[in-house]
Amino acid sequence: MSPASLSVISDAVTVRVPAKVNLHLGVGPLRDDGYHDLVTVYQALSLYDDVTVARAAGLSVEMTRDSGRGADVAEVPLDDDNLAVRAVRALGEYAGRDPKVAIEIVKRIPVAGGMAGGSADAAGALVALAALWKLDIPRADLLDIAAGLGSDVPFSVQGGTALGTGRGEQLMPMLARGELHWVLAFARDGLSTPSVFRELDRLRADRDLTPDPDELRPDALVQALAAGDPHVIAPLLHNDLQPAALSLQPGLRRTLRAGIDAGALGGIVSGSGPTCMFLCADADAAVAVAAELSGAGVARSVRTASGPVSGATRQVPSA
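Just so we're clear, the structure is a prediction, and the values are computed from it rather than from any experiment. (Residues numbered from 1 in each chain as written. Predicted model: local features only at pLDDT ≥ 70, side-chain atom pairs only at ≥ 80, totals over all residues. Heavy atoms only, no water.)

1. Considering the nonpolar core
- Counting 60 residues, the largest nonpolar core has L23, I103, L184 and L225 as the members making the most contacts within it.
- Sorting elements by how many residues they give to this core places helix α3 (residues 117–132) first, with ten residues.
- Membership of the second largest hydrophobic core comes to 29 residues, among which are A185, L191, V196 and L256. (Core = buried A, V, L, I, M, F, W, Y, C linked by side-chain atoms within 4.5 Å. Buried < 20%, exposed > 50% of the residue type's maximum accessible area, 1.4 Å probe, protein only. Helix = DSSP H or I, 4+ residues; strand = E, 2+ residues; numbered from the N terminus.)

2. Things to note about the environment of V21
- Relative to the helices and strands, V21 resides in strand β1 (residues 12–30).
- V21 gets classed as buried once you look at its relative accessible area, which sits at 0%.
- In this structure, the C-alpha to C-alpha distance between V21 and G307, residues 286 residues apart in sequence, is 9.6 Å.

3. Notes on the layout of surface pockets
- Reported here for the largest pocket is a volume of approximately 1,200 Å³.
- The wall of the largest pocket is formed by 46 residues, among which L83, S119, D152, T193 and P194 lie closest to the centre.
- Elements represented by at least two residues in the lining of the largest pocket include exactly β1, β2 (36–55), α2 (83–95), α3, α4 (139–149) and α6 (193–206).
- Taken together, the residues of the lining of the largest pocket break down into 19 nonpolar, 18 polar and nine charged. (1 Å grid on protein atoms, 1.4 Å probe; cavity = no way out; pocket = protein on both sides within 12 Å on 5 of 7 lines; lining within 4 Å. Points joined across faces, edges and corners; volume = space filled by probe spheres on them. Nonpolar A, V, L, I, M, F, W, Y, C, P; charged D, E, K, R; others polar.)

4. Remarks on the confidence of the model for the chain
- Averaged over all residues, the pLDDT of the chain is 90; the fraction at 70 or higher stands at 93%.
- Per-element confidence in the chain ranges from a low mean pLDDT of 37 for helix α1 (residues 3–6) to a high of 98 for helix α8 (residues 230–233).
- Within the model, pLDDT remains below 50 along residues 1–9, and this stretch shows 14 contacts once partners closer than five positions in the same chain are excluded. (pLDDT = per-residue confidence, 0-100. Contact = heavy atoms within 4.5 Å.)

5. Things to note about the state of the cysteines
- According to the stated counting rule, one finds zero disulfides in the structure shown.
- In this model C276 remains outside any disulfide bridge; the closest cysteine sulfur is found in C280, 13 Å from its own. (Disulfide = S-S within 2.5 Å.)

6. Description of the sheet that holds strand β9 (residues 266–269)
- Strand order across the open sheet formed by four strands is β9-β10-β7-β11, with antiparallel pairing between neighbours. Edge positions in the sheet fall to β9 and β11 (301–307), since each has one partner strand and no second. Ignoring which end each strand starts from, the neighbouring axes of this sheet average 25° apart.
- Contacts from helix α10 (residues 252–261) reach β7 (180–186), β9 and β10 (276–280) within the one sheet, and its direction differs from that of β10 by about 10°.
- Sitting on the sheet, helix α11 (residues 283–296) touches β7, β10 and β11, and the angle it makes with β7 is about 15°. (Pairing = 2+ DSSP bridges. Axes fitted to C-alpha atoms, helices over the stretch in contact; angles between N-to-C directions.)

7. Thoughts on the packing of aromatic side chains
- Using the criterion set out here, one finds one aromatic pair in the structure.
- Plain terms: the ring middles of Y42 and F155 are 4.6 Å apart, the flat faces sit at 10° to each other, and that makes the pair stacked. Within this pair, whereas Y42 is found in strand β2, its partner F155 is found in helix α5 (residues 153–158), the two being separated by 113 residues in sequence.
- A relative accessible area of 1% means that Y42 is categorised as buried.
- For F155, a relative accessible area of 1% puts it in the buried group. (Phe/Tyr/Trp six-rings, centres within 6.5 Å; stacked < 30°, edge-to-face > 60°.)

8. As for the pattern of salt bridges
- What the rule picks out here adds up to twelve salt bridges.
- Linking R89 and D80 is a salt bridge whose minimum nitrogen-to-oxygen distance equals 3.2 Å.
- The exposure class of R89 is partly exposed, given its relative accessible area of 41%.
- Residues D219 and R217 are paired through a salt bridge, measuring 3.2 Å at the closest nitrogen-oxygen approach. (Salt bridge = Lys/Arg side-chain N within 4 Å of Asp/Glu carboxyl O.)

9. Details of α4
- Of the residues making up α4, those classed as buried are L142, I145, A146, A147 and L149.
- On its buried face, α4 is in contact with α2, α3 and α5.

10. Thoughts on unusual backbone geometry
- The residue after G273, namely P274, is reached through a cis peptide bond having omega 5°.
- Mapped onto the secondary structure, P274 falls in the loop between β9 and β10.
- Positive phi, close to 65°, is recorded for A116, a residue that is not glycine.
- Position of A116 among the secondary structure elements: in the loop between β4 (101–107) and α3.

So this is what it looks like as structure tokens:
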């Protein structure tokens with residue numbers, strides 16, 4: 001389904017959905033069900049995928065890369081392993097309707113980059129299909145469906161800044177004063193989230209480490225976000241998955257050093273990686289850091305973003 005064909009389909013809905021970063025990610029021990037308890041602080045950033053859902057003869061999905069700025073889509077599945085496809089099937093089951101729709105996703109969020117690109121697409125598909133079908137679905141039900149799809153999907157629906165607990169799907173909105181400015185360094189190769197968690201478990205077992213519940217709590221960061229000073233926030237950025245990501249991709253250490261050398265206030269691996277995120281003092285500083293990082297040759301590509309921004313949002317067609 002091409003953008004040109006969408007222009008002649010009146011019954012189509014487009015939703016813009018943001019990437020996420022984890023300003024804090026505390027990972028508890030491995031549970032019996034194979035998951036870990038998480039305590040995380042999410043923030044949605046101004047890096048977006050666009051998800052369009054239109055009526056069709058059957059269910060299909062097409063991925064396209066936004067010219068010049070898009071993510072590599074070659075590794076994204078186009079079958080039932082695609083989270084957006086699973087999302088429309090889940091909403092169809094909830095509503096008792098056959099999801100005969102064509103999904104088109106314009107990718108800008110990196111694939112396997114630790115920024116919830118797949119979860120964003122699932123959230124966009126849920127919100128778009130609910131609007132297409134004109135469903136009067138309670139928000140709590142929509143978030144429950146999202147949680148069944150993946151730990152990050154509810155936040156992709158909600159956006160902003162939020163505290164996530166459980167598997168990350170239990171959300172509490174947080175006050176984040178002002179706007180934070182970030183530089184994102186995208187790695188040349190992706191990382192599988194399950195593989196990073198397995199590596200964390202291996203590292204902890206080898207070193208006989210047990211997570212301290214008190215260290216999972218982001219209390220100081222919560223206070224700093226409410227005050228809004230990036231100089232105070234920067235040293236409080238934390239990611240328990242970072243040692244595992246660095247173990248699997250040691251070259252990320254060079255990227256993190258380069259970002260700090262370029263003038264960032266602080267930097268960590270985003271989520272399960274391998275994207276590295278750098279907090280800067282303001283928008284001008286972010287542009288300067290991005291330019292230095294681009295010249296350092298330590299990443300596939302570099303771009304700036306700001307947050308927090310809203311979650312999955314329906315786009316109004318231009319006249």
